[in-house]
Amino acid sequence: MQFLTIIFSLMAYGAAAVFVFGILCKIMVYAKTPSPLKIPTTPAPTTSFGAAVRVLSEVLLFRSLYRSNKWTWLGGVVFHWAFLFVVLRHLRYFLYPLPAWDMKLQYIGIVAGIVLPIAVLYLLMRRTTVDRTVFISSLADYFALTLIFFIAGTGLMMKFYERPFMVDIKGFVYGLATFNFSAVPTDPVFLVHFTLVMILLAYFPYSKLVHAPGIFFSPTRNQADNPRERRHVNPWSPNLT
Ligand code: HEM
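Since we're looking at a predicted model, the values are computed, not measured.

Participant: So what's going on with the overall build of the chain? Which residues, and what values?
Facilitator: Helix and strand counts for the chain stand at 12 helices and zero strands. Reading the chain from its N end, one meets helices and strands in the order α-α-α-α-α-α-α-α-α-α-α-α. Projecting the C-alpha coordinates of the chain onto the three principal axes gives extents of approximately 65 × 40 × 40 Å. Each of the 241 residues in the chain was classed as buried or not, and the buried ones make up 14%. Sequence separation of at least 24 residues holds for 73% of the intrachain contacts in the chain that already meet a minimum separation of 6.

Written out as structure tokens, the structure reads:
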């Protein structure tokens, strides 16, 4: 039992460290990468504030995906919002006392948990049936979706089928978060759920899932269309400034 707790605790800290380190490295690379050209996709906002609103509309509403393909947009938007609410519901394992706003999100979190695997199946179906998408899909695309599907599946099993003892789960997870260790619950479904989440965490920064922070650095979206008002300097040509 103690051995299992040590293994799972090390796995959790290892995955968290790989995640944080990996994301920070990626963000540093993105932030340092110069944008030699003014390339906002037009029609684009002409002010920085407008560009910020544009980026937010991509992040929250997937605006350009909506314009390009309504069905993919629907699957993508439902998947991402469901994922967000599932994660927000999970804060109850990490926080004590749980803030009132998160308490209010618990029910919608359960609904999101049911919607999530359905959205994943839809996106998988798209990847395996739409010709041009099949053509550009790689193993990594199927892997990420399948992993999330099994995380959601084992989560739902715990919710509706084989309920583990929640106090033990909170004790373990909260213990990890506050360095106040307690024994890992031995419920096999929980152990699988937890292990898959740790794999997702460690995989995230080194996969295409890193588009989550990456979108903020996309020059076609975050640049204002103001080359006539302000000269855009190519950082590779300092002598021309
Ligand atoms: C350390 C991280 C995590 C822990 C400790 C954890 C633990 C749990 C537990 C104990 C349940 C059962 C809840 C209940 O019966 O009331 C559950 C459910 C669930 N989990 Fe996780 N989970 C984690 C991360 C995730 C992540 C990242 C996802 C996203 C894909 C996820 C998806 C789900 C889903 C969809 C459910 C079913 C709906 C619900 O009860 O919220 N879990 N999880």
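Picking up after the structure, the text goes on.
Participant: Residue-level account of unusual backbone geometry, with values.
Facilitator: Residue P43 is bonded to the preceding T42 through a cis peptide linkage, with omega at 0 degrees. Within the secondary structure layout, P43 lies in the loop between α1 (2–32) and α2 (48–61). Phi is positive for F62, close to 55 degrees, though the residue is something other than glycine. Tracing the chain through its elements places F62 in the loop between α2 and α3 (63–68).

Participant: So what's going on with the site of the ligand? Which residues, and what values?
Facilitator: Taken together, 23 residues sit near the ligand, with G113, A152, G155, M158 and K159 positioned nearest. Contributions of two or more residues to the shell around the ligand are made by α4 (70–90), α6 (106–129), α8 (139–160), α9 (166–178) and α10 (188–203). The dominant element in the shell around the ligand, judged by the number of residues it contributes, is α8, at seven residues. In the shell around the ligand, the residues fall into 15 nonpolar, five polar and three charged.

Definitions and cut-offs
- Residues numbered from 1 in each chain as written.
- Predicted model: local features only at pLDDT ≥ 70, side-chain atom pairs only at ≥ 80, totals over all residues.
- Helix = DSSP H or I, 4+ residues; strand = E, 2+ residues; numbered from the N terminus.
- Buried ≥ 20, exposed ≤ 12 C-beta atoms within 10 Å, placed from the backbone.
- Contact = placed C-beta atoms within 7 Å.
- Near = placed C-beta within 6 Å.
- Nonpolar A, V, L, I, M, F, W, Y, C, P; charged D, E, K, R; others polar.

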